[in-house]
Amino acid sequence: MTNNLTEFATDSDLIFCMGTNTSECHPIIAMQMLRGMKRGAKLVVIDPRKTDMAKKADYYLQIPVGYNIPLLNAMMNHIIKKGLHNQKFIDDNCVGFEYVKHCVKDFTPERVEEETGIKASVVREVAELYAKVPAASFAYTMGMTQFVDGTSNIFAISNLALITGQIGRPGTGINPLRGQNNVQGACDMGALPHVIPGGWVMTDNAQKQAKNIWKCNLNSEVGYTMTDLPENIEKGEVKLLYVFGENPVMSDPDTHHFIHACSELDTFIVQDIFLTETAQIADVVLPAACWTEKEGTFLNTSRCVQYLPKAIEPAEGLMPDWQVICEIAKRIDLYGFDFRTPKEVWDEVRLMAPAQFGGITYERIKNRELLAWPCPDEEHPGTPIQYTDFKSFHPDGKFKLIPIGYVDGKEERIAFEKKTAEELNMPEGYPVGCGTMSEKPTKISPCMMTTGRKVYHYHTGTMTRECNALEFGADIMGAVIEISTDIAERTGIKTGDYAVVENKRGKIAAKVLVTPNMVENTIFTTFHYAEADANKLANAEDQCPFSKMNPVKMTIAGIRKIDEKEFKEIRIEDDQLMHPSELYRQARQAIPVAEVSS
Amino acid sequence: MEKFQTVCPYCGTGCNIDLFVENNKIVKAEPTEKHPINDGELCLKGMYGWEYVHSPRRLTKPLIRKKEGVFSKDGKLEEVSWDEALDFAASRMKRVVAEHSPNHIMGFSSARCLNEDNYIFQKLFRVQGSNNVDHCARL
Ligand code: SF4
Ligand code: SF4
């Protein structure tokens, strides 16, 4: 987030939520937003599903899955046409306005109405509202990023914020709401193939820091991404995989392919607190101390570093994850793993990235100072709002506006990018974005399918499903397939029926809930449940050309009604795929969990 | 009963929780009053999501896949000592790097774990010459 999440309550005049089911996924951020509304802020929600927040919104626009770019471009079209853009902000701080102007000219609010049924007048009103209010904040999550055009979606948001100058002030900004407690921290700590604390791996600064502090030569080539992994294993390019604290068998798209690829590894190491679906196919499983059993820090979505004390003793023999990893490193005779406390580890992070973390000491955060990076020295109060000087991170300090179009099929994308670069006579290497659908409905797979979370559970359920209050709580439905009313009418499937959803990658079975809250021709499920994991059907072939993200938020599928017998057969098959370990089955029998039940 | 102020382990909001601990067991969680992020409120996950810590299904011993007492791909996961598990993991990693290349090892780090855990994990790969480190930020 460029801004702090409390500003929704205190400063924003407009909260613009796109592709975020805030009240289920980030309930406390939703609370801050609702406090903002009480103060008088307006709320716009754009989502294929009519979520709780959508029901509370001043404007709700129900777009089809994957329709982000045409809508955002249409808003900009109207803003520019009406002269509501912030010319001074653009002149002083941005480059590339003429590119954006060119690219949005074909996207009119009328076209949106024609293609989606959303009234052109509504598109115009929300566009004007965003441009005119003193402080508009744009919030989004995976509903924007998990597409083949995920990065272009984000470019489009940034274009909109920049041409209206809605950045760098309280209550404004571009605000991804981070899904996992420490996803921001994992990124900032260098758990990415291109970056270490200290910069991108090929930069002089990163090279210098690695040499001085780690005493090693840092590889300057970007590493493999997670999405490339199954293919890299099959090509023999990855022989050893070490997974810690994640459950990719369930969270990665195309489950069958992933499991098959892992069977070809020379060595598969998994470090986790439970015998997860992933640990069950590992060669070595290393347990570890968990949350509250170890001391350390998290980084939240507003870039604040927060301290967690050790509150309980773990079972005998269990070490914190960092210590288990240090033990392995020492046995390989690697230099620089003699840490005794998490504070010593953090102090090395501060040395590696002093401009970002230099001033964030254990002492300060133990005293509950809420410090957002960058915080370069110990007197620095932290930086809750980024870009207050309206300067970007590029060497010239200017923000780049990126031309973005939309084409009918992914094959046309490259031609579009080339054509645009030529037409606009753009300098070499200037990015061009382009939206498209990764898959379109076919005869066999006539429906759009998308995924998400429920408020009770979290992600692959490794932790929350072990909490009885959450797993067995009163109004919690378990795995269900939600379908739009037109699918129900077409297929005759009713709420409470068993159905199977399938495509060429896999199938899942569950009970159906017909919901009027869903945009037409769309199926929704979660990925919390091993017995019906939506990721079995997810698309792992297509990737966003910039981020390599797979379009897990969008695929195509067919649906048909089944009887209870077939339902049970599919569930048993799934159970065997997901839980091959005898140890796991024994433990489950001894202490039953809600499993093959519906 | 002892009180610890900590941070919720679920979504990225970073709500502060007052955890109450008795005889080394968490007995309840309450929202930290007046904290700027969550100001005395928590969602269901923050309030009730701590029970897994004490789950009888938690792993406590390392496991290696074995058949007739030795490592085997067609074996079953068996409990082993820490020394055996750590030596095994280290020697396999060392061997893959030596026999193939640093690029033949890959790590998935965790957006659920501490900054300190993540930092050490990526350092393990980087100092061996591999940038093949990623986590689920994309998922
Ligand atoms: S899984 Fe998705 S929502 Fe969750 S943290 Fe990772 S990227 Fe964010
Ligand atoms: S209490 Fe709820 S909203 Fe707050 S961090 Fe935890 S999961 Fe997120």
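Residues numbered from 1 in each chain as written. Chains lettered and ligands numbered in written order. Predicted model: local features only at pLDDT ≥ 70, side-chain atom pairs only at ≥ 80, totals over all residues. Heavy atoms only, no water.

What to know about the overall build of chain B
If you tally the helices and strands in chain B, you get 3 helices and 8 strands. Counting helices and strands in the order they occur from the N terminus, chain B gives β-β-β-α-β-β-β-α-β-α-β. Here chain B has a C-alpha radius of gyration of 20 Å; the compact-globule value for 139 residues is 14 Å, and the former is much larger. Over its C-alpha atoms, taken along the principal directions, chain B stretches across nearly 55 × 35 × 25 Å. Within the span of chain B, comprising 139 residues, buried residues form 66% of the whole. Roughly 5100 Å² of accessible area belongs to chain B as shown, and the carbon and sulfur atoms make up 49% of that amount. The positive charge centre, built from 20 side chains, and the negative charge centre, built from 19, are 6 Å apart in chain B. (Helix = DSSP H or I, 4+ residues; strand = E, 2+ residues; numbered from the N terminus. Rg over C-alpha atoms; globule rule 2.2 N^0.38 Å. Buried < 20%, exposed > 50% of the residue type's maximum accessible area, 1.4 Å probe, protein only. Areas by Shrake-Rupley, 256 points an atom, 1.4 Å probe, with all protein chains shown as cover. Lys, Arg positive; Asp, Glu negative; His and termini not counted. Charge placed at Lys NZ, Arg CZ, Asp CG, Glu CD.)

Description of the interface of chain B and chain A
Facing 101 residues of chain B, the contacting portion of chain A comprises 151 residues. Roughly 11000 Å² is buried in total at the junction of chain B and chain A, and carbon and sulfur atoms are behind 64% of that figure. Connecting chain B to chain A are 10 salt bridges. Ionic pairing is found between A:Asp283 and B:Lys73, a salt bridge with its closest N-O pair at 2.8 Å. Where chain B meets chain A, there are 56 residue pairs in polar contact (both at pLDDT 80 or more). Ranked by the residues each element gives to the side of chain B that touches chain A, the list is headed by helix H2 (residues 82–99) of chain B, at 13 residues. (Contact = heavy atoms within 4.5 Å. Buried area = accessible area lost by both parts, 1.4 Å probe. Salt bridge = Lys/Arg side-chain N within 4 Å of Asp/Glu carboxyl O. Polar contact = N/O pair within 3.5 Å; in protein donor to acceptor, adjacent residues only side chain to side chain.)

Let's talk about the sheet that holds strand E2 (residues 16–22) of chain B
Residue and element names in this part refer to chain B. If you walk across this open sheet you meet the 3 strands as E1-E2-E3, and the pairing is antiparallel. Looking at the sheet topology across the chains shown, the edges are occupied by strand E1 (2–7) and strand E3 (25–31). Between one strand axis and the next, the sheet turns through 30 degrees on average, direction left out of account. As defined by bridge partners, E1 adjoins E2 across 6 bridges and the pair is classed as antiparallel. Looking across to E2, one finds that Gln5 is bridged to Asp18. (Pairing = 2+ DSSP bridges. Axes fitted to C-alpha atoms, helices over the stretch in contact; angles between N-to-C directions.)

Quick notes on the site of ligand 2
Taken together, A:Pro27, A:Ile28, B:Cys8, B:Tyr10, B:Cys11, B:Thr13, B:Gly14, B:Cys15, B:Leu42, B:Cys43, B:Lys45 and B:Gly46 form the complete shell of residues around ligand 2. More than one chain reaches ligand 2: the nearby residues come from chains A and B. Residue assignment for the shell around ligand 2 shows that the elements contributing at least two residues are helix H3 (27–39) of chain A together with helix H1 (44–48) of chain B. (Near = heavy atom within 4 Å.)

A few points about a nonpolar patch on the surface
A surface patch of nonpolar side chains, about 300 Å² in accessible area, is lined by A:Trp200, A:Met202 and A:Val222. Locating A:Met202 in the fold gives a position in the loop between strand E8 (199–200) and helix H13 (204–214). (Patch = residues over 30% accessible without salt bridge, like charges linked within 9 Å, V, L, I, M, F, W, Y side chains within 5 Å.)

Let's talk about the state of the cysteines
Residues and elements named next belong to chain A. Evaluated as defined, the whole model comprises 0 disulfides over all chains. Summary of cysteine pairing: Cys375 is not part of a disulfide, and the nearest cysteine sulfur, belonging to Cys304, is at 11 Å. Cys434 carries a free sulfur, and the closest cysteine sulfur to it, the one in Cys103, is 8.9 Å from it. (Disulfide = S-S within 2.5 Å.)

Topic: the side chain of A:Thr51
Its location among the elements puts A:Thr51 in the loop between strand E2 (42–46) and helix H4 (52–56). Not counting residues within four places of it along the chain, the set of residues in contact with A:Thr51 comprises A:Asn21 and A:Val45.

Description of the environment of A:Val222
In this structure, A:Val222 sits in the loop between H13 and helix H14 (229–234). Here A:Val222 falls in the partly exposed class, since its relative accessible area comes to 43%. Along the chain, A:Val222 and A:Ser484 lie 262 residues apart, while their C-alpha atoms are 42 Å from each other. Setting aside anything within four residues of it in sequence, one finds A:Val222 in contact with A:Pro193, A:His194, A:Val201, A:Met202 and B:Asn131.

Some details on the domain arrangement of chain B
The assigned domain composition of chain B is domain 1 (2–54), domain 2 (60–99) and domain 3 (101–139). The gap between the C-alpha centroids of domain 1 of chain B and domain 2 of chain B is 37 Å. (Domains from an automatic or database assignment.)

What about the nonpolar core?
Core analysis: the largest hydrophobic core is formed by 95 residues, its most contacted members being A:Trp214, A:Tyr242, A:Leu286, A:Phe357 and B:Leu124. Per-element accounting of this core gives the leading share, 9 residues, to H2(B). Core analysis: the next-biggest nonpolar cluster, separate from the first, contains 58 residues, A:Leu14, A:Phe16, A:Ile79 and A:Ile402 among them. (Core = buried A, V, L, I, M, F, W, Y, C linked by side-chain atoms within 4.5 Å.)

Some words on the environment of B:Leu19
Relative to the assigned elements, B:Leu19 resides in strand E2. Among the residues examined, B:Leu19 registers a relative accessible area of 0% and is labelled buried. For B:Leu19, the residues in contact, after removing those within four places along its chain, are A:Trp291, A:Thr292, B:Glu2, B:Lys3, B:Phe4, B:Thr6, B:Ile26, B:Lys28 and B:Ala29.

Concerning the packing of helix H17 (residues 321–331) of chain A against helix H3 (residues 115–126) of chain B
It is at 8 Å that the axes of H17(A) and H3(B) come closest, and there the two elements cross at 20 degrees. As summarised for this structure, H17(A) and H3(B) are arranged roughly parallel, according to the angle between their axes. The interaxial crossing formed by H17(A) with H3(B) has left-handed handedness. In contact with A:Asp321, A:Trp322, A:Ile325, A:Cys326 and A:Ala329 of H17(A), H3(B) contributes B:Glu116, B:Asp117, B:Ile120, B:Phe121 and B:Leu124. Taken together, the residues of the contact of H17(A) with H3(B) break down into 7 nonpolar, no polar and 3 charged. (Parallel < 35°, antiparallel > 145°, perpendicular 65-115°, else oblique. Left-handed = near helix turned anticlockwise from the far one by under 90°. Nonpolar A, V, L, I, M, F, W, Y, C, P; charged D, E, K, R; others polar.)

Let's talk about the sheet that holds strand E13 (residues 304–308) of chain A
All names here are of chain A. Strand order in the open sheet made by the 3 strands is E12-E13-E14, with antiparallel pairing throughout. This sheet does not close on itself; its edge strands, each paired only once, are strand E12 (296–299) and strand E14 (371–372). The pairing of E13 with E14 spans 2 bridges and is antiparallel. From the neighbouring strand, Val305 faces E14, where its bridge partner is Leu371.

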